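Structural features, examined
What follows is the residue order along each chain.
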Amino acid sequence: MEDEKQDMKIAEEVGAVSYKALLMARDLVKPGAKLIDVARKAEGFLKENGFGAAFPLNLSVNAQAAHYTPALDDESIFGDADVVKVDFGAEKNGTLGDCALTVDLSQNNQKLVEASMEALQNAISVVRGGVEVRKIGAEIERSILAKGFLPIKNLGGHTVKTHDLHSDIFVPNYDNGDDTKLEEGMVVAIEPFATNGRGMVSESDICEIYGFESDAQVRMKESRSLQEEIKKRYSHEPFAVRWLSNVVPSRFALYAGVAELARQGALTMYPTLVEVGKGMVAQSELEIVVEKDGCRILTK
Ligand code: MN
Ligand code: MN
C-alpha cells in the first residue's frame, strides 16, 4: 500500500510536469517559429527539472497525425495556417507521461479542434472501474461524428505501465466491439483524433523517432558507436535521431548508421503517420488513472 501510494505520487508528479512542458511547447508554436527550437526548449525544460522524456517532442503538422519530430538541423518553420499536434510526456524512474493538444494557427479549423477536445471530455466522463473500452470508443466516435468529422480508427489510446508507454490495452476511437474492461488503478492515455479526411493513417517514409530493440551485428563503425550509445542512453524510451548528433562526425554518418541499425533489427521505427486522404487532423490527449466511480486526470 505504501509502495502504491509512492507510485501514485510519482505518476502525479510526472503528469504535472508533462502538462507544463506541453503548455510551454504550445506557447512557442507560432507562424515563422522553427520546429527544432520548440523541441529543444520543451525537451530542455524536462531535463532542467530532473526528468527524462517519455519520447521526443512530437510536432505533427496538418495531415501528419503523429510521430514527427524535427530532424537534425531541421530548418522547417510553422506556416500561418498550420494545424499542429503537440504531443509530449515526461519520464521518471520509468514512470511515463503522455498528453497532447492541437494548435490551430489560422483559427480556421476550430471546429475540428473542438471535435477532438469534446470527444476527449465525453470519453473521460464515461470512464470508471469496469468500463469496456468499446464504450469509450463509442463516445469518441459519436462526439466526432456529431461535429461533422471522422475519428481516426487506426489510432487510439492505451494503458501505460513502467517503461511501457503503449501497454497491453488499446482504447479505440470508435466502437470496435472490444469488451476489455479498464480496472480501478490503471493508468490510461485517451487520445481522440478527428479529421476531415478518410479516418485512417498510414506510415510515411519519414522516420525521426526510433526505439532500441535488440543487439545486432552491424558493418559500419559509425553504426557500432551509435548502437553502444543508444543502449547506454535510450534502452527503454524512444529517442530522436538528432539526439545522437554528437556520437558520429557527420549528419550523413548519423542517418546512414541509424538506417543500418534499423535494417538489422536493432531498432524499432516510429515513422511519421499521415492521414490517408491528406485530411487535416486534430488530436487531444490526457493521461488518467481509473477510479471506482470515475477517473482522475494526471496530466494537468
Ligand atoms: Mn501522446
Ligand atoms: Mn498516447
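Considering the coordination of the manganese ion (ligand 1)
The coordination sphere of the manganese ion (ligand 1), as far as protein atoms go, consists of D87 (OD), D87 (OD), D98 (OD) and E285 (OE), spread over 2.1 to 2.4 Å. Between consecutive donor residues of the manganese ion (ligand 1), the sequence gaps follow D-x10-D-x186-E.

Let's talk about the nonpolar core
Grouped together as the largest cluster of nonpolar side chains are 51 residues, with contacts concentrated most on V29, L46, L57, L59, F78, V84 and V86. Secondary structure elements with two or more residues in this core: α1 (2-28), α2 (35-48), β2 (58-61), β4 (83-88), β7 (99-104), α5 (221-233), β15 (239-240) and α6 (251-263). Among all residues touching L57, those that are not within four sequence positions of it are A25, V38, A39, A42, E43, Y68, T69, P70, V86, D87, F88 and R242. Listed in part, the 24 residues of the second largest apolar core include V113, A194, L286 and I288.

A closer look at the coordination of the manganese ion (ligand 2)
Reference values for coordination geometry: four tetrahedral donors around a metal ideally subtend 109.5 degrees, six octahedral donors ideally subtend 90 or 180 degrees. Listed as protein donors to the manganese ion (ligand 2) are D98 (OD), H158 (NE2), E191 (OE) and E285 (OE); their distances from the metal cover 2.1 to 2.2 Å. Donor residues for the manganese ion (ligand 2) sit on one chain with the sequence pattern D-x59-H-x32-E-x93-E. Exposure remark for H158: the relative accessible area of 2% places this residue in the buried category. Residue class for E191 comes out buried when judged on its relative accessible area of 6%.

What about the pattern of salt bridges?
Under the defined criterion, the tally for this structure stands at 17 salt bridges. A salt bridge links D37 to R40; its shortest N-O distance comes to 3.5 Å. Of the two residues, D37 and R40 both sit in helix α2, three residues apart, roughly one turn of that helix. Given a relative accessible area of 32%, D37 falls into the partly exposed group. Here the residues in one salt-bridge network are E12, E291 and R296, joined through shared partners.

A look at the sheet that holds strand β18 (residues 281-283)
Read from one edge of the open sheet, three strands run β8-β12-β18, paired in antiparallel fashion. Single-partner strands in this sheet number two, and they are β8 (150-151) and β18. Relative to strand β12 (residues 193-195), β8 runs antiparallel, the two sharing two bridges. By the bridge assignment, L150 is partnered in β12 with T195. Docked against the sheet, helix α3 (residues 110-125) engages β12 and β18, running at close to 35° with respect to β18.

Thresholds, definitions, all that
Residues numbered from 1 in each chain as written. Chains lettered and ligands numbered in written order. Predicted model: local features only at pLDDT ≥ 70, side-chain atom pairs only at ≥ 80, totals over all residues. Heavy atoms only, no water. Donors = N, O, S within 2.8 Å, 3.2 Å for Na, K, Ca; no water. Core = buried A, V, L, I, M, F, W, Y, C linked by side-chain atoms within 4.5 Å. Buried < 20%, exposed > 50% of the residue type's maximum accessible area, 1.4 Å probe, protein only. Helix = DSSP H or I, 4+ residues; strand = E, 2+ residues; numbered from the N terminus. Contact = heavy atoms within 4.5 Å. Salt bridge = Lys/Arg side-chain N within 4 Å of Asp/Glu carboxyl O. Pairing = 2+ DSSP bridges. Axes fitted to C-alpha atoms, helices over the stretch in contact; angles between N-to-C directions.

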